[in-house]
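Coordinates in review
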Amino acid sequence: MQNEDRNAFKPGFTEGAENWNGRLAMIGFVAALIIELVSGQGVLHFWGLM
């Protein structure tokens, strides 16, 4: 397991999948913050869901 590339995209419950999940969650969180700052509304209101 020492030589495993943790940045490689492999399906399933792997260490690399946990890394990608965290990275994509951070991108989504920052995108939601930017939408709120720019529009002055929450994300759900911005998309018309509430």
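Here we summarise the structure given alongside this text.

About the cut-offs
Position labels on residues start from 1 in each chain and follow its written sequence. Local features in this predicted model are restricted to residues of pLDDT 70 or higher, and side-chain atom pairs are both shown and tallied only at a pLDDT of 80 or more, whereas totals for entire chains, interfaces and linings draw on every residue. For side-chain calculations, the full set of non-hydrogen atoms in the structure is used, while hydrogens and water are omitted. Under the scheme used here, helices are H or I runs from DSSP no shorter than 4 residues and strands are E runs no shorter than 2 residues, and both carry numbers assigned from the N terminus. In this scheme, a residue with accessible area under 20% of its type's maximum is buried, one over 50% is exposed, and one in between is partly exposed, where area comes from a 1.4 Å probe on protein chains only. Exposure was quantified through the Shrake-Rupley algorithm and a 1.4 Å probe, taking into account, for residues, occlusion by the shown protein chains and nothing else. A pair of Phe, Tyr and Trp rings is counted when the ring centres sit within 6.5 Å of each other, with Trp represented by its six-membered ring. The angle between the planes then sorts it: under 30 degrees is stacked, over 60 is edge-to-face, the rest tilted. Counted as over-ring charges are cases with an Arg CZ or a Lys NZ within 6 Å of the ring centre that also lie within 35 degrees of the ring normal.

1. Considering the overall build of the protein
Scanning the protein for helices and strands turns up two helices and zero strands. Each principal axis of the C-alpha distribution contributes one length, and for the protein these read about 45 × 20 × 10 Å. Across the 50 residues in the protein, those meeting the buried criterion constitute 4%. Here the protein displays about 4400 Å² of accessible surface, and carbon together with sulfur accounts for 66% of that area.

2. Digging into the packing of aromatic side chains
What describes a pair of aromatic rings is the distance from one ring centre to the other and the angle between the planes of the rings. The final tally for this structure, using the stated rule, is zero aromatic pairs. Over the face of the ring belonging to tryptophan 20 we find arginine 23, whose NZ or CZ atom lies 5.1 Å from the ring centre.

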